[in-house]
Amino acid sequence: MSPPHVEVALAILHREGRLLMQLRDDLPSIVYPGIWGLFGGHIEAGETPRQALLRELVEEIGYVPNQLTRFCQQEDVGVRRHYFYGELAVPMSELTLGEGQDMGLCSPAELKKGELYSPRLGEVRSLGRPHRQTLLNFVTSHHFQAHSFQDSIAQQGAGEAECK
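About the criteria used
- Residues numbered from 1 in each chain as written.
- Predicted model: local features only at pLDDT ≥ 70, side-chain atom pairs only at ≥ 80, totals over all residues.
- Heavy atoms only, no water.
- Helix = DSSP H or I, 4+ residues; strand = E, 2+ residues; numbered from the N terminus.
- Buried < 20%, exposed > 50% of the residue type's maximum accessible area, 1.4 Å probe, protein only.
- Contact = heavy atoms within 4.5 Å.
- Areas by Shrake-Rupley, 256 points an atom, 1.4 Å probe, with all protein chains shown as cover.
- Phe/Tyr/Trp six-rings, centres within 6.5 Å; stacked < 30°, edge-to-face > 60°.
- Pairing = 2+ DSSP bridges.
- Salt bridge = Lys/Arg side-chain N within 4 Å of Asp/Glu carboxyl O.
- Expected span 1.5 Å × (residues − 1).

(A) Examining the overall build of the protein chain more closely. Looking only at helices and strands, the protein chain has 4 helices and 9 strands in total. For the protein chain, the succession of helices and strands along the chain, N to C, is β-β-β-β-α-β-β-β-α-β-β-α-α. Counting the 164 residues in the protein chain, one finds 48% classified as buried. A fraction of 61% describes how many contacts in the protein chain between residues 6 or more apart in sequence connect residues 24 or more apart. Of the accessible surface of the protein chain, which amounts to about 8500 Å², a share of 51% is contributed by carbon and sulfur atoms.

Have a look at this one:
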């Protein structure tokens, strides 16, 4: 019998061809401490992935997009990730960081490189591997309509891949 999965719901929020990222806290007790990832979190008992994501977005940034669309589901050892995407229709200044060390918008070059600068910390930190790969998959998929973002990624050599 396999161990039960931890299930999480994550948001791919985009604005003007860039992707919203969360710099996770530097706590050794959490997964991917001090790494850039996506906003979202654990699905609590009785919640659907969408309900969990709505709750987490309110807690973490005080914002929920008008529409969240399911992108994919990914399974790794012990974890199932549910990814949704939507537009970040407000400026960053209207978000309130409720969890994590920083937040920022990730450009195509930063996504391809796998690093993002944190103004709050004054340093560059890496993007978490599973989230980075899913974001690369997302921007090269038909789901993401910001053509300048897709073209920029394609020119940098990112390949087409599936969220598994």
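Now that the structure has been shown, we can carry on.
(B) View of the packing of aromatic side chains. Inspection of the entire model under this criterion finds 3 aromatic pairs. Ring centres of F71 and Y85 lie 6.4 Å apart, and the angle between their planes is 85°; this geometry places the pair in the edge-to-face category. Residue F71 is located in strand β5 (residues 69-76), and its partner Y85 is located in strand β6 (residues 79-87); the two are separated by 14 residues in the primary sequence. Y85 carries the same exposure label as F71, and that label is buried. When the ring of Y85 is compared with that of F138, the centres are 5.1 Å apart and the planes differ by 50°; the resulting orientation is tilted. Of this pair, Y85 sits in strand β6 while F138 sits in helix α3 (residues 129-139), placing them 53 residues apart in sequence. You'll find Y85 and F138 in the same group, each marked buried.

(C) Structural view of the pairing of strand β2 (residues 18-23). Across the 6 residues of β2, 5 count as buried, placing the element largely inside the fold. Pairing geometry for strand β1 (residues 6-15) and β2, over 2 bridges, is antiparallel. Across the sheet, residue R15 finds its bridge partner in β2, namely R18. What sits between β1 and β2 in their antiparallel hairpin is a turn of 2 residues, with E16 showing a positive phi close to 50°. Note: β2 against strand β7 (residues 102-106), 5 bridges, orientation antiparallel. When the sheet's bridge partners are listed, L23 is paired in β7 with D102. Pairing geometry for β2 and strand β3 (residues 36-37), over 2 bridges, is antiparallel. Paired with L23 across the strands is W36, a residue of β3.

(D) Representation of the pairing of strand β9 (residues 123-126) in the model. Bridge analysis of strand β8 (residues 115-118) against β9 gives 4 bridges, and the strand direction is antiparallel. Within β9, the residue paired with Y117 across the bridge is V124.

(E) Spatial organisation of the pattern of salt bridges. Enumeration according to the criterion identifies 12 salt bridges in this entry. Ionic pairing is found between E56 and R55, a salt bridge with its closest N-O pair at 3.1 Å. Across the pair, exposure class does not vary: E56 and R55 are buried alike. Among the salt bridges present, the one from K113 reaches E115, with a minimum N-O distance of 3.7 Å.

(F) Inspection of helix α1 (residues 49-61) at higher detail. Taking 1.5 Å of rise per residue, the 13 residues of α1 would be expected to cover 18 Å, and the 18 Å separating its terminal C-alpha atoms lies within 8% of that figure. Along α1, the residues that are buried comprise P49, A52, L53, R55, E56, L57, E60 and I61. A positive phi of about 65° marks G62, the residue just after α1.

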